[in-house]
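# Survey of secondary and tertiary structure
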Amino acid sequence: MQILVLGGDGYLGWPTALHLSALGHEVAVNDNFARRGYDEEMGVESLIPIATLEQRLEAWTELTGRKIRSYVGDLVDPAFVHQMVRDFQPDTVVHFGEQRAAPYSMIDQAHAVYTQTNNVVGNLNVMYAIGDIDRDIHLVKLGTMGEYGQPNIDIEEGWLEVEHKGRKDRMVYPKRPGSFYHCSKVHDSVNLEFGCRIWGMRVTDLNQGVVYGAETEQTKLDPRLATRFDYDGVFGTVLNRFIIQAVLGHPLTVYGNGSQTRGLINIVDTVECIRIASENPADRGEFRVFNQMTESKSINEIAETVANEFPGEATIEHVDNPRVEIYDHYYNVVHTALESLGLKPTLLSTTLIDHLFDVVVRHKERVDLTAVMPTVRWADTASELPRTARELAKT
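Residues numbered from 1 in each chain as written. Predicted model: local features only at pLDDT ≥ 70, side-chain atom pairs only at ≥ 80, totals over all residues. Heavy atoms only, no water.

## Overview of the overall build of the protein chain
Within the protein chain, the secondary structure is distributed over 14 helices and 14 strands. Scaling as 2.2 N^0.38, a compact globule of 395 residues should have a C-alpha radius of gyration of about 21 Å, and the protein chain matches this with 20 Å. Out of the 395 residues in the protein chain, the part that is buried amounts to 56%. Put simply, of all contacts in the protein chain between residues at least 6 apart along the chain, 82% involve residues at least 24 apart. (Helix = DSSP H or I, 4+ residues; strand = E, 2+ residues; numbered from the N terminus. Rg over C-alpha atoms; globule rule 2.2 N^0.38 Å. Buried < 20%, exposed > 50% of the residue type's maximum accessible area, 1.4 Å probe, protein only. Contact = heavy atoms within 4.5 Å.)

Structural data, given as structure tokens:
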């Protein structure tokens, strides 16, 4: 199978490309290196040093004899996207190529506009390339569990059976996103479902939980194949932050009362989910939604797990929540589709946490503690908009 991985230089895109290549698929990656640019902008680096894309690709060929092609360019450039799809002729396009951090989208107006322009326009360009060149191409699109928000009902896999005033219908599950980034992913999903109806596209929308983990079987082969480990207050994940803080002897900082619940998935399962979705494509005209997570835990539970497993002393400290979200909320997510197709979940365990402690210990001299705590607050961003924009937002 010919598989094109967009965002193939990123935390998940790179190990996904290696996983698919190792299994015998012909793989190409695309990136514009924006994620590396965000590091320069934010003044922080991945905890684990990462090689350039060129060095990564050379190392993979050297170690395995397999070649991964690369296309360097921006998805917001429609001519480039069309040329790339026409040249590689993929059976499947795996789309990781978007700005992925909620805090980044909430810094200010410019970052919100950039996030939505980059993500929504880039996704539309991919859709149009598929629509113009080959509508049999299966698009596997990375969404997020954050699209759903915190509803007080079970979260189904993308669709909901509704009865209203004596009539019934099946409709896309209502969304209540929690940041301008999450809004962009909702817009993507709406556009993709529409593309399935009008063009007969094949789409699998993967609403992914919080990913943790630093290695896959392929990235462990050589340091040049390593993927990112982000811990900062903008791009880092909560588990990574807790691991860093435990190793360095700082309190584990829980936002608010810690009752907020998150869906979790190990990076090993993420790359396998992409393999499963790619090898079992959606039908023509089908907008298929999988909730890509394996378990759920509250922020308190995650902090307590890390503190209990850390071999030294680890304390937990509650801090002001920079986000606007509901506490003590109902959270029950249906996530059976991928398991029915063969996914064997890797749950958060002592072994996995111990491994992350080891990773941080090896690279702890690279930690910038000033970058760990949050600097972006949801409730503050609107006040930083020009007055006219605030007034427009209220109309």
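## With respect to empty space enclosed by the protein
As enumerated under the stated definition, the model contains one cavity of 30 Å³ or more in all. The volume enclosed by the largest cavity comes to roughly 40 Å³. Contributing to the lining of the largest cavity are Y11, R100, V211, D230, F235, T237 and N240. Here the residues of the lining of the largest cavity are counted per class, giving three nonpolar, two polar and two charged. (1 Å grid on protein atoms, 1.4 Å probe; cavity = no way out; pocket = protein on both sides within 12 Å on 5 of 7 lines; lining within 4 Å. Points joined across faces, edges and corners; volume = space filled by probe spheres on them. Nonpolar A, V, L, I, M, F, W, Y, C, P; charged D, E, K, R; others polar.)

## Section: the confidence of the model for the protein chain
The pLDDT averaged across the protein chain works out to 94; a share of 96% of its residues lies at or above 70. Within the protein chain, strand β1 (residues 2–6) carries the highest mean pLDDT (99), whereas helix α14 (residues 387–394) carries the lowest (37). (pLDDT = per-residue confidence, 0-100.)

## Some remarks on the pairing of strand β7 (residues 167–172)
As judged from the six bridges shared by strand β6 (residues 159–164) and β7, these two strands associate in the antiparallel manner. Counterpart to E161 in the pairing with β7 is R170. Following β6, the chain reverses through two residues before pairing antiparallel with β7; K165 in that reversal takes a positive phi of roughly 55 degrees. (Pairing = 2+ DSSP bridges.)

## Points about the packing of aromatic side chains
Under the criterion given, the structure shown has ten aromatic pairs. Arranged with centres 4.8 Å apart and planes meeting at 40 degrees, the rings of Y38 and Y104 form a pair that is tilted. Taken together, the residues span a long stretch of sequence, with Y38 in helix α2 (residues 34–42) and Y104 in helix α5 (residues 102–105) at a distance of 66 residues. Of the two residues, Y38 and Y104, neither departs from the other in class, the shared state being buried. A centroid spacing of 5.4 Å and a plane angle of 10 degrees characterise the contact between Y38 and F235, whose relative ring orientation is stacked. Placement of Y38 in helix α2 and of F235 in the loop between β9 (210–212) and α8 (238–247) is noted, with a sequence separation of 197 residues between them. A residue is classified by how much of its surface remains accessible, and Y38, at 8% relative accessible area, is buried. Since its relative accessible area comes to 3%, F235 is described here as buried. Every member of this aromatic cluster is reached through a ring pair, and the members are Y38, Y104, Y114 and F235. The ring of F235 has R35 lying over it, and the distance from NZ or CZ to the ring centre is 3.9 Å. The residue whose ring lies beneath R170 is W159, and the NZ or CZ to ring-centre distance is 4.1 Å. (Phe/Tyr/Trp six-rings, centres within 6.5 Å; stacked < 30°, edge-to-face > 60°. Lys NZ or Arg CZ within 6 Å of the ring centre and 35° of its normal.)

## Some points on the sheet that holds strand β13 (residues 295–298)
Taken in spatial order, the three strands line up as β9-β11-β13 in an open sheet, and their pairing is mixed. Only two strands of the sheet have a single neighbouring strand rather than two, namely β9 and β13. Direction aside, the axes of adjacent strands within the sheet are offset by 45 degrees on average. Here strand β11 (residues 261–266) runs beside β13; their pairing, made up of four bridges, is antiparallel. (Axes fitted to C-alpha atoms, helices over the stretch in contact; angles between N-to-C directions.)

## Focus on the environment of D87
Take D87: it is sitting in helix α4 (residues 78–88). For D87, a relative accessible area of 39% translates into the label partly exposed. Considered as a pair, D87 and I302 are 215 residues apart in the sequence and their alpha carbons are 45 Å apart.

## Observations concerning the environment of L264
In this fold, L264 is placed in strand β11. Looking at L264, the relative accessible area reads 4%, which means it is buried. The sequence separation of L264 and E313 amounts to 49 residues, and the corresponding C-alpha distance is 25 Å.

## Examining the sheet that holds strand β2 (residues 26–31)
With parallel pairing, seven strands are arranged side by side in an open sheet as β3-β2-β1-β4-β5-β8-β12. The open sheet has two edge strands with one neighbour each: β3 (69–72) and β12 (287–292). Looking at each pair of strands side by side, their axes are set apart by 20 degrees on average, direction ignored. Pairing geometry for strand β8 (residues 202–208) and β12, over six bridges, is parallel. Each bridged residue has a counterpart across the sheet, and for V203 the counterpart in β12 is F287.

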